[in-house]
Amino acid sequence: MSRQANESGILSARGVSKSFGGVAALHDVSFDVLPGEIHALVGENGAGKSTLVKIIAGALSPDAGEVLFKGDPFKPSDPGAAAEAGIGIVFQELPLIPDLTVAENVFFDRQPLTRVRTVARRRLRAECVEAFERFSLTGIDPEAQVRDLSVASRQLVAILKALAADPSLLVLDEATAALGPSEVTWLLEQVRAAAEAGVAVIYISHRLAEIADICQRLTVLRNGESVGSWRNGELESEELVRAILGRRLGQLYPGIPPTVKPKVMLETKGLRAGRRLRNLDLQVKEGEILGIAGLEGQGQLELILSLYGMLTSHGSIFVDGVEHRINSPRDALRAGIGLALVPEDRKTEGLLPTLTIRENLALPVLHRVSHLGYISSQKEAELVGPTIHRLNIGRQDPSQLAGDLSGGNQQKVVVGKFLISGARVLLLYDLTRGVDVGAKAEMFLTLNELAAEGYSMLFYSSDVTELVNVAHRIVVMFDGLVCADLLNDGSLDEEMIVAHMLNAADRTGVVGSLVR
Amino acid sequence: MKLAVPRRHRSIALAYLLLLVLVVVGRIVASGFLGVDHIDELIDEGALIGFVALGQGFVILAGGVDLSIPWVVTSAGILVTTFTGTNSSNMLWDVPLIIGLAAVVGLINGIGVVFLGVTPIIMTLGMSTVVEGALLLYTNGSAGGNVPHPAVFLATHKIGQVPVMGLAWLVLIVVVTFTLSCTPFGRRLYAVGLNRRVALFSGVDVKLVTCSVYVISSCAAAFAGIALAGYVGQSYLGMGDPYLFTSIAAVAIGGASILGGTGNYIGTVAGALTLSVLNALLPTLGFQPAVLDIVYGMVILVAVAAASLGGRARTD
Ligand SMILES: Nc1ncnc2c1ncn2[C@@H]1O[C@H](COP(=O)(O)OP(=O)(O)OP(=O)(O)O)[C@@H](O)[C@H]1O
Ligand SMILES: [Mg+2]
């Protein structure tokens, strides 16, 4: 490569390769990001996007090749050094410190100090408030502990942290995965504003609509190799999907199947839990996929958690007509309720990274794979194998450690656990967060198959488009109550649902958690 | 370069390597080291450590620690001498009774940790003091009596060339290893130790699992106490004292994370044997027993440091 070609790029990767224990995560990847350009990086789960980000950040060092930043070889010793050089990164795994406050996290490596070198609390707070104002972010208390924040709010804090450092290169690794529609709008506005001010942006997302909306150019990675770089709009969306997957994808949404039967499988009466869930009545029929919509923090998580016995609740829960007291996940599983919650931090909450895929998947069903008190590896393999195939998890090797999987594949393991748990009512909380198009399509197909088999599903997603294309019926939650119950008979669209979500907020004048 | 040993067993292999090195060093520097008699002694003392470390290992695996082990060991030793004395036939009733009492102690530990939310260190330390006090009341401050014959047989006799205690240990090794690696309980225990929230989400009865490890620990300590009384031929207050740090150190040397969730009993066995070899080796090299304490302390510190460093490396 001639030096000339790099002159214009603020960041260039030149033949970057990286493997983990013989498996190549990146092979000879090159691309350039220009100043003021929003450059999207897309690819399947496990394509190597986050690995590339970690190399840019200095968290990993490449086996071969180099990264040029502002024309010079760039080898930061750690993410702190990269931040100092002017690279702001929002990592996929949100390395925020839960015990510190929002302000302390935002200014973590640049705390304002007093003369005796202690943290100047008042100045810290003031600077944080200023940062919030500057990037027009509302609804988060700078003094709140990060551990008390919702996933979406944490994500916003991580983004603010990167923005507030005035980087010349901003890297967002799936920053919108946990955000609701209004927050995504906010982020896209900030990214555009930054780019207009000359900041280069590397934007990673599985939501292709966002990519089409915001980027100038995009680079596609597949199996660790660069497929190519294009200007936005140069590829039809079908071609783009083909570049990503290496094959054609019939359709992302398989259509809503006519599988709803009259029998009520799950019913709640006057369900209350915590401060956010007040008096909720809900019915889910056999074979029905019930979508749950709502602004962030309107009781959706509390609903799911109390149905799964993770949160003490009052009121009654009926499964298949029988009332159940559900005080623990064990009670829930016994009553036939399964949960696929994609928790805030998959790595630490969704699965056990140091155990194998097989061990993770079998954990809820150990009683079914054991014989005379010991675990029969044959039964275990028989039970787990089909699920690994069905969800196409990683290299389909059950003895691979779950922690070595890419983000999206880890998600599939979390989901896979409920598929074999044998429950009839499935609680799906942000199931497709961070999952690639191919896997999403497979997952929706699976949901349809499950609906046809008579499973009932409660489907929460922060992506409204998904709700409209997947659910039979959509309830909009606001302030712990159902504020709209909409039959998805073809007349619904995204705007109508968002309007319902916002209307409720306007009516009551509570816009606190809303990002404007 | 790739090691043939899978990643999760590497630290256990390391423990055996350490043991091997010590044995070789012992052979070179001390004459008579590892003579036939000597081997029996090493095995017996290793087994005693192995018994207490068995229980400690379960607790550590679940993410806790049991500091009440020494006084449970002492209590069991004293009870078996004062209660049973030389009347061997009583053993049949007394041993289950003693182990049952220990189980109650463990259950209280477990209930305190699980239901009252007391941290394991405080809970088991408090319980240890309670047991100590109760024992002092019971004995009036002076222990005595004779060790019943079956305990002596267990601790000092041989069948052919093989010490009985070594055989008993072998049986326990098989049972514990099987339990940890092949049963639902074992699998759930690892899950709880790795991340109790994930375990809970997966329908594991986290409270039951956590409670049971404390019961197992106390029972193992009581068994060790009975064997110890047989081994030293008497009982006295404080006889269990050395077994607090040895139990933790054996687990740590054996490659288990002191923070829970990893390791197995095969590793702990290497840890116990290593300590027993060190025990024998240091005096022959002219070191005072106090040096051994320093070694224990260092081992535990290094293990904790390694565990937290390893934990950090993982999350990067
Ligand atoms: N520390 C590691 N050890 C072993 N393999 C790893 C490690 N980190 C990543 N990998 C592997 O490298 C490949 C690329 O992973 P990476 O996280 O970069 O994917 P990704 O494109 O970000 O995927 P996703 O969209 O799911 O986040 C995957 O096959 C993954 O299993
Ligand atoms: Mg990633």
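Residues numbered from 1 in each chain as written. Chains lettered and ligands numbered in written order. Predicted model: local features only at pLDDT ≥ 70, side-chain atom pairs only at ≥ 80, totals over all residues. Heavy atoms only, no water.

Enquirer: Let's hear about the site of ligand 1: which residues, and what values?
Expert: All names here are of chain A. The local shell around ligand 1 holds 18 residues, among which Asn45, Ser50, Thr51, Asp404 and Gly408 are the closest. At 2.9 Å from an oxygen atom of ligand 1 is found a main-chain nitrogen or oxygen belonging to Gly48. Within the side chain of Ser50, a nitrogen or oxygen atom sits 2.7 Å from an oxygen atom of ligand 1. Relative to its free-state accessible area of 640 Å², ligand 1 is covered by the protein chains to the extent of 80%. Elements that contribute at least two residues to the shell around ligand 1 include exactly helix H2 (49-57) and helix H16 (407-419). If you tally residues by element for the shell around ligand 1, the top one is H2, at three residues. Taken together, the residues of the shell around ligand 1 break down into four nonpolar, ten polar and four charged. Each of two domains, domain 1 (11-245) and domain 3 (353-421), supplies a minimum of three residues to the shell around ligand 1. (Near = heavy atom within 4 Å. Polar contact = N/O pair within 3.5 Å; in protein donor to acceptor, adjacent residues only side chain to side chain. Areas by Shrake-Rupley, 256 points an atom, 1.4 Å probe, with all protein chains shown as cover. Helix = DSSP H or I, 4+ residues; strand = E, 2+ residues; numbered from the N terminus. Nonpolar A, V, L, I, M, F, W, Y, C, P; charged D, E, K, R; others polar. Domains from an automatic or database assignment.)

Enquirer: I'd love a proper account of the coordination of the magnesium ion (ligand 2), names of residues and values included.
Expert: Residue and element names in this part refer to chain A. At this site the magnesium ion (ligand 2) is bound by Ser50 (OG) and Gln92 (OE1), with donor distances of 1.9 to 2.1 Å. Of the two residues, Ser50 sits in helix H2 while Gln92 sits in the loop between strand E6 (87-90) and helix H4 (102-106), which places them 42 residues apart along the sequence. The burial state of Ser50 is the same as that of Gln92; both residues are buried. (Donors = N, O, S within 2.8 Å, 3.2 Å for Na, K, Ca; no water. Buried < 20%, exposed > 50% of the residue type's maximum accessible area, 1.4 Å probe, protein only.)

Enquirer: Before we move on, can you summarise empty space enclosed by the protein with the specific residues and values?
Expert: Residue and element names in this part refer to chain A. A complete count under the given rule lists five cavities of 30 Å³ or more for this structure. By volume, the second largest cavity is sized at about 130 Å³. Surrounding the second largest cavity, 17 residues form its lining, Ala177, Arg207, Thr432, Arg433 and Gly434 being those nearest its centre. Of the residues that constitute the lining of the second largest cavity, the class distribution is three nonpolar, seven polar and seven charged. (1 Å grid on protein atoms, 1.4 Å probe; cavity = no way out; pocket = protein on both sides within 12 Å on 5 of 7 lines; lining within 4 Å. Points joined across faces, edges and corners; volume = space filled by probe spheres on them.)

Enquirer: Describe in detail helix H10 (residues 206-232) of chain B, supporting the description with residues and values.
Expert: Residues and elements named next belong to chain B. Its 27 residues place the ends of H10 39 Å apart at the C-alpha level, agreeing with the 39 Å of an ideal helix rising 1.5 Å per residue. Counting buried positions along H10 gives 19 out of 27 residues, so the element sits mostly inside the fold. Following H10 by one or two positions, Gly233 adopts a phi angle in the positive range, close to 75°. (Expected span 1.5 Å × (residues − 1).)

Enquirer: Quick rundown of helix H9 (residues 237-245) of chain A? Include the residues and the values.
Expert: All names here are of chain A. For H9, the full list of buried residues reads Leu240, Val241, Ala243, Ile244 and Leu245. On its buried face, H9 is in contact with strand E3 (38-43), helix H8 (208-214), strand E9 (217-222), strand E10 (225-231) and helix H17 (437-452). Positive phi appears at Gly246, one or two residues downstream of H9, with a value of about 80°. (Contact = heavy atoms within 4.5 Å.)

Enquirer: Kindly report on the domain arrangement of chain A, identifying the contributing residues and their values.
Expert: All names here are of chain A. By domain assignment, chain A separates into domain 1 (11-245), domain 2 (251-338 + 423-516) and domain 3 (353-421). Placing a centre on the C-alpha atoms of domain 1 and another on those of domain 2 gives a separation of 31 Å. On the side of domain 2, 18 residues touch domain 1, which itself brings 24 residues to the contact. Taking both sides of the interface into account, the surface hidden between domain 1 and domain 2 amounts to around 1700 Å²; carbon and sulfur atoms contribute 56%. (Buried area = accessible area lost by both parts, 1.4 Å probe.)

Enquirer: Before we move on, could you go through the layout of surface pockets and cite the residues and values that matter?
Expert: Here the idea is plain: a probe the size of a water molecule rolls over the atoms and shows the empty space left. All names here are of chain A. Of the pockets and cavities examined, the second largest pocket occupies roughly 850 Å³. Residue lining of the second largest pocket: 33 residues in total, with Arg207, Ala209, Glu210, Asp463 and Thr465 positioned closest to the centre. Among the residues forming the lining of the second largest pocket, the class breakdown is 13 nonpolar, eight polar and twelve charged. Formed jointly, the lining of the second largest pocket draws a minimum of three residues from each of two domains, domain 1 (11-245) and domain 2 (251-338 + 423-516).

Enquirer: Summarise the packing of aromatic side chains; cite the residues concerned and give the values.
Expert: Residues and elements named next belong to chain A. Summed over all chains, the structure comprises seven aromatic pairs over all chains. An angle of 15° between the planes, with centres 4.5 Å apart, marks the rings of Tyr429 and Tyr460 as stacked. Taken together, the residues Tyr429 in strand E19 (residues 425-429) and Tyr460 in strand E20 (residues 456-460) connect sequence positions 31 residues apart. Judged by relative accessible area, Tyr460 falls into the buried class, the value being 7%. Arg424 extends its terminal NZ or CZ atom over the ring of Tyr455, reaching a point 4.8 Å from the ring centre. (Phe/Tyr/Trp six-rings, centres within 6.5 Å; stacked < 30°, edge-to-face > 60°. Lys NZ or Arg CZ within 6 Å of the ring centre and 35° of its normal.)

Enquirer: Describe the nonpolar core, and please don't skip the residues or the numbers.
Expert: All names here are of chain A. Core analysis: the largest hydrophobic core is formed by 141 residues, its most contacted members being Leu447, Met457 and Phe459. The residues that make up this core include at least three from each of domain 2 (251-338 + 423-516) and domain 3 (353-421). Residues in contact with Phe459, not counting those within four places in the same chain, are Ile289, Leu290, Gly291, Ile292, Leu428, Leu431, Phe444, Leu447, Glu466, Leu467 and Val470. Of all hydrophobic cores here, the second largest spans 56 residues; its members include Val42, Leu96, Leu172 and Ala175. (Core = buried A, V, L, I, M, F, W, Y, C linked by side-chain atoms within 4.5 Å.)

Enquirer: Before we move on, could you go through the interface of chain B and chain A and cite the residues and values that matter?
Expert: Each side of the interface is counted separately: chain B has 21 residues, and chain A has 32 residues. Surface buried jointly by chain B and chain A totals about 2400 Å² across both partners, of which 62% is contributed by carbon and sulfur atoms. At the boundary of chain B with chain A, the tally comes to two salt bridges. For Glu380 of chain A, the salt bridge goes to Arg187 of chain B, with nearest N and O atoms at 2.9 Å. Across the chain B-chain A interface, the total number found is four residue pairs in polar contact (both at pLDDT 80 or more). At the level of secondary structure, the elements contributing two or more residues to the side of chain B that touches chain A comprise helix H7 (164-182), helix H8 (184-194) and helix H9 (196-201) of chain B. Looking at the side of chain B that touches chain A, the element that brings in the most residues is H8 of chain B, giving five residues. (Salt bridge = Lys/Arg side-chain N within 4 Å of Asp/Glu carboxyl O.)

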